[in-house]
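A look at the structure
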Amino acid sequence: MSVAEKMCELLNNLGYIISYEELKKDDIDLRDFIVDSVEFVSLIVEIEHEFVINLPDEFIEFDVLASLNGMISTIEALLCDKRQD
């Protein structure tokens, strides 16, 4: 399963219904779904748990990770770095 597919599944499990097909057509602005900092922090915790990564502090800002495709790219880069270590 790709990072994008896992992210859609994770978001769906959290109650944000986003299909993988929708994501392939267009980027998703997470600000349309996540309305407060508690939801954002919960999402970050779930991402770190699901992918067994630690998002660097400079990435844990809502405006930085507002784009779902941008978030997926960040996760893919961290996973690639992790494999190289």
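Reference entry: report on the structure contained in this document.

Procedures and definitions
Residues numbered from 1 in each chain as written. Predicted model: local features only at pLDDT ≥ 70, side-chain atom pairs only at ≥ 80, totals over all residues. Heavy atoms only, no water. Axes fitted to C-alpha atoms, helices over the stretch in contact; angles between N-to-C directions. Helix = DSSP H or I, 4+ residues; strand = E, 2+ residues; numbered from the N terminus. Parallel < 35°, antiparallel > 145°, perpendicular 65-115°, else oblique. Left-handed = near helix turned anticlockwise from the far one by under 90°. Contact = heavy atoms within 4.5 Å. Nonpolar A, V, L, I, M, F, W, Y, C, P; charged D, E, K, R; others polar. Expected span 1.5 Å × (residues − 1). Buried < 20%, exposed > 50% of the residue type's maximum accessible area, 1.4 Å probe, protein only. Arc of directions from axis to C-beta.

Take the packing of helix α1 (residues 3–13) against helix α4 (residues 68–84) next. Viewed as axis vectors pointing N to C, α1 and α4 meet at an angle of 120 degrees, and their least axial separation amounts to 10 Å. The angle between α1 and α4 places the two elements in the oblique class. Between α1 and α4 lies a crossing of right-handed hand. For the pair formed by α1 and α4, the contact residues are Val3, Ala4, Met7 and Leu11 on the first element and Leu68, Met71, Ile72, Ile75, Glu76 and Leu79 on the second. Within the contact of α1 with α4, the residues separate by chemical class into 9 nonpolar, no polar and 1 charged.

What follows is about helix α3 (residues 37–51). Between the first and last C-alpha of α3 there are 21 Å, a value that for 15 residues agrees with the 21 Å anticipated at 1.5 Å per step. Looking only at α3, the buried set comprises Phe40, Leu43, Ile44, Ile47 and Phe51. Axial view of α3: buried residues confined to an arc of 100 degrees, hence all on one face. For α3, the exposed residues lying more than 90 degrees away from the buried face are Val38 and His49.

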